[in-house]
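Architecture and fold: a report
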Amino acid sequence: MFFQEPELQYEVTVEDPDPHFAKLLQQAIGGQEGEMRVALQYMFQAWALPEEYEAYRNLLMETAAEELGHIEMLASAVTKNLRGSPKEMREETEETAAVAAAMTGQNPRQYLSSGLSAMPVDSNGVPFTGAYIAASGNLAGDLYANVMAEATGRTLATRLWDYTDDPGMKDMLSYLIARDTMHQNQWLEALESLDDPVPVPASFPQDQENQDVNYTFISTRREEQPDPEYPWTQGESPDGKGQFSYAAEQPGDGEVVAPDPDPSTYNNPNDVDE
């Protein structure tokens, strides 16, 4: 169940409306690094958890609801950047509205399809897709995915912060960047609270996996290379269950030979032997 308040999570102001920046902000809404992704990702992860994982479920749902608030903030920012001076924008050119939008660096669909407001798309106008969402039903695996999602989201927000000179936009993005810092840390802390966060899934019996290569870094170079003695080629593994080693070449054996196809699958029936 959800409730809503007619109030933004954080104040959004735009001093110098910029249609092109509105287009860039769309990436933070419907892009692969955007808030729609993490809001839905955390929800579907939470809905998969059984009752004994109540603390983690609550953590995920609380954060998901916060991310919905971030979508609202960004949508408000997009609309304010688009509607700040639409009349002047149209007067600057005698071309069509779509061409005028394109000339300002704005996505034409923000005029044609949404009336100068935010859309569930990325900065190229590509609609949001659920394919961005990682929700495996395995808590540890999902938490690792969440760290990555917040890391890429924070990277995007910092790039947007660098791009704009608008004080209001910098202030809003500074808030979002700070929340990404918190979320990265909370997912890492949640991982630390698990008994066996690696390897994922920890419930699989490791004695059933190939013991010759489960902690071996295998080089794929054509010419045999010596062990570079990196942290991932020697020493104890992070899960404490093995010792890293190095192999200069892959196991390799056999050839790629496909079985003969069924004649009924030929594209040209005339090719079928009678």
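Per an unreviewed UniProt entry, the protein is named Mn-containing catalase, and its organism is Halopiger aswanensis.

**Focus on the layout of surface pockets**
Counted as a void, the largest pocket has a volume near 410 Å³. Lining the largest pocket, in full, are Met1, Phe2, Phe3, Gln4, Glu5, Glu7, Gln9, Met61, Ala65, Leu68, Gly69 and Glu72. Residue composition of the lining of the largest pocket, by class: 6 nonpolar, 3 polar and 3 charged. In this model, the second largest pocket occupies a volume close to 240 Å³. Forming the boundary of the second largest pocket are 15 residues, of which Tyr53, Asn138, Leu139, Ala140 and Leu194 lie nearest the centre. For the lining of the second largest pocket, the class distribution of residues is 10 nonpolar, 3 polar and 2 charged.

**Here we look at the domain arrangement of the protein**
According to the domain assignment, the protein contains domain 1 (19–193) and domain 2 (205–251). Each of domain 1 and domain 2 has a C-alpha centre, and the two are 38 Å apart.

**Some details on the sheet that holds strand S3 (residues 243–247)**
Spatial ordering of the open sheet is given by S1-S3-S2, a layout of 3 strands whose pairing is mixed. Whereas interior strands pair on both sides, the edge strands pair on one side only; in this sheet they are strand S1 (216–218) and strand S2 (235–236). Sheet topology places S2 next to S3; 2 bridges connect them, and they run antiparallel. Considered in S3, the bridge of Gly235 is made with Phe244.

**Quick notes on the side chain of Glu67**
By the secondary structure assignment, Glu67 is in helix H3 (residues 54–83). Buried charge without a partner: Glu67 forms no salt bridge, and the closest opposite charge is Arg179, 7.7 Å away. Side chain to side chain, Glu67 and His70 meet in a polar contact 2.8 Å long. Not counting the four nearest positions on each side in its chain, Glu67 is found in contact with Glu35, Val38, Ala39, Tyr42, Glu150 and His183.

**Side note on the nonpolar core**
Formed by 25 residues in total, the largest nonpolar core has its most connected members in Leu25, Leu74, Leu160, Met169, Met172 and Leu176. Mapped by element, the contributors of at least two residues to this core are helix H1 (19–30), helix H2 (35–47), H3, helix H7 (139–163) and helix H8 (167–193). With 6 residues, H3 is the single largest residue contributor to this core. Not counting chain neighbours up to four residues away, the residues in contact with Leu74 comprise Leu25, Ala28, Ile29, Glu35, Met172 and Leu176. Of all hydrophobic cores here, the second largest spans 17 residues; its members include Leu49, Ala140, Trp187 and Leu191.

**Quick notes on the packing of aromatic side chains**
Scanning the entire structure with this criterion turns up 8 aromatic pairs. Considering the side-chain rings of Tyr53 and Tyr56, the 6.1 Å spacing of their centres and the 50° angle between planes classify their relative orientation as tilted. Residue class for Tyr53 comes out partly exposed when judged on its relative accessible area of 32%. The interplanar angle of 40° and the centroid separation of 5.1 Å between the aromatic rings of Tyr230 and Trp232 together place this pair among those described as tilted. Residue classification places Tyr230 among the partly exposed residues on the basis of a relative accessible area of 43%. Its relative accessible area of 45% is what places Trp232 among the partly exposed residues. Above the ring of Trp161, the side-chain terminus of Lys170 is found at 3.3 Å from the ring centroid.

**Thoughts on the pairing of S3**
Along a regular strand, successive side chains alternate from one face of the sheet to the other. Summarising the sheet, S1 and S3 pair through 3 bridges and their orientation is parallel. Directly across from Thr216, in S3, lies its bridge partner Ser245. Hairpin remark: S2 followed by S3, antiparallel, with 6 residues in the connecting loop; positive phi at Gly240, about 70°.

**A word on unusual backbone geometry**
Excluding glycine, residues mostly carry a negative phi; peptide bonds, for their part, are mostly trans. Each neighbour pair has its own omega, and for Val198 with Pro199 the value is -10°, a cis peptide bond. Its place among the elements puts Pro199 in the loop between H8 and S1. Cis peptide bonds are those with omega within 30 degrees of zero, and the linkage from Val200 to Pro201 qualifies with -5°. Tracing the chain through its elements places Pro201 in the loop between H8 and S1. Of note, Leu116 is a non-glycine position whose phi angle comes to about 60°, a positive value.

Rules used in this analysis
Residues numbered from 1 in each chain as written. Predicted model: local features only at pLDDT ≥ 70, side-chain atom pairs only at ≥ 80, totals over all residues. Heavy atoms only, no water. 1 Å grid on protein atoms, 1.4 Å probe; cavity = no way out; pocket = protein on both sides within 12 Å on 5 of 7 lines; lining within 4 Å. Points joined across faces, edges and corners; volume = space filled by probe spheres on them. Nonpolar A, V, L, I, M, F, W, Y, C, P; charged D, E, K, R; others polar. Domains from an automatic or database assignment. Pairing = 2+ DSSP bridges. Helix = DSSP H or I, 4+ residues; strand = E, 2+ residues; numbered from the N terminus. Buried < 20%, exposed > 50% of the residue type's maximum accessible area, 1.4 Å probe, protein only. Lys, Arg positive; Asp, Glu negative; His and termini not counted. Salt bridge = Lys/Arg side-chain N within 4 Å of Asp/Glu carboxyl O. Polar contact = N/O pair within 3.5 Å; in protein donor to acceptor, adjacent residues only side chain to side chain. Contact = heavy atoms within 4.5 Å. Core = buried A, V, L, I, M, F, W, Y, C linked by side-chain atoms within 4.5 Å. Phe/Tyr/Trp six-rings, centres within 6.5 Å; stacked < 30°, edge-to-face > 60°. Lys NZ or Arg CZ within 6 Å of the ring centre and 35° of its normal.

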